[in-house]
Amino acid sequence: MRTGPLQAGEPVVLVDRHGRRYLTTLEAGRTQDLRGKIEHDALIGQEEGFLVRSSRGEDFLVVRPTLADYVLLMPRVTTPIYPKDLGAILIAADVFPGARVVEAGTGSGGLTMALLRAVGPQGRVFTYEVREEFLRHALRRIERYLGPQDHLVARVHDVYEGIPDAPVDRVVLDLPEPWRAVPHAAEALPPGGIFLSYVPTVPQAHQTAEALRSSGAFALLETTETLVRPWTLRGQSVRPAHRMVAHTGFITAARRVRRRPAWDD
């Protein structure tokens, strides 16, 4: 994440008094129409964390977006993986600095960005997407937020047909039919490597789990979902928020083994 004065070409978030967030990209000479006009020239060169007032007297806090902000607010052509699931995926897959990770599909690039930050510059992320236009849009969004990423390899490729960048340490899938990639993951992962899939429905998660077990190459299988309930803590108001992000998807993770033990059912 960038530090120092705000620069033209980088994204910022404007936060109003109700906590609503608005993502924009700074451009010299541009006027933002947001309950009044805000001149981008008044933001460029400032240190983040300051207040700017619109032409109609509305105050906005100006900060750089966190990865969670960017994933939720950026323009996208696919449904994003929510930040609550991104964190759970990184832990369940045990993504570590220096790891070689295959991801499919790229989608809007939110998971790709989380993986890139987790593996660091010494690691490598191979991201596969079957739709070239989706991959092109995702790469633009990734570079806008993270800058150039020398440790990212992006391919128009169908992981159901194989994993050309094997061997890898982790295989992370956000696909409708991850069970079809289980045989390829078994070949690409060394013993101890981790397979992880993210799917929205119980039948998808169940079919993936059955494929992992029947392959004989994976053990220690676990399926989870993550629920996050915010709380309001202000003055005498101490209560759960009226709305929460409940079910979004199922995370299934398993370890690559030389032979699945009979008791691991």
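Please read all numbers here as calculations on a predicted model, not as lab measurements.

*Asks:* Would you mind going over the pairing of strand β11 (residues 194-199) in detail, with residue names and values included?
*Replies:* In terms of burial, β11 is a largely internal element, 6 of the 6 residues being buried. Where strand β10 (residues 170-173) lies against β11, 4 bridges are found, and the strand directions are parallel. Across the sheet, residue V171 finds its bridge partner in β11, namely F195. Each parallel crossover has a hand, and for β10 linked through helix α5 (residues 182-188) to β11 it is right-handed. Both β11 and strand β15 (residues 250-256) contribute to a ladder of 6 bridges, which runs antiparallel. Residue I194 lies in a different strand from β15, and its bridge partner there is R255.

*Asks:* Residue-level account of helix α3 (residues 110-119), with values.
*Replies:* Given 3.6 residues per turn, any residue in an α-helix points the same way as the ones three and four places further on. Summarising burial for α3: 9 of the 10 residues are buried, a large majority. When we look at burial in α3, the residues that qualify are G110, L111, T112, M113, A114, L115, L116, A118 and V119.

*Asks:* I'd like to hear about unusual backbone geometry, residue by residue, with values.
*Replies:* With an omega dihedral of -10°, the bond running from A104 to G105 counts as a cis peptide bond. With an omega of 0°, the peptide bond running from A166 to P167 counts as cis. The phi dihedral of R35 is positive, around 50°, even though this residue is not glycine. Structurally, the position occupied by R35 is in the loop between β3 (31-33) and β4 (37-39). One non-glycine residue, L220, lies in positive phi territory at about 55°. Turning to its location among the elements, L220 is positioned in strand β12 (residues 218-224).

Criteria and thresholds
Residues numbered from 1 in each chain as written. Predicted model: local features only at pLDDT ≥ 70, side-chain atom pairs only at ≥ 80, totals over all residues. Heavy atoms only, no water. Buried < 20%, exposed > 50% of the residue type's maximum accessible area, 1.4 Å probe, protein only. Helix = DSSP H or I, 4+ residues; strand = E, 2+ residues; numbered from the N terminus. Pairing = 2+ DSSP bridges. Right-handed = clockwise from strand over helix to strand, strands pointing away.

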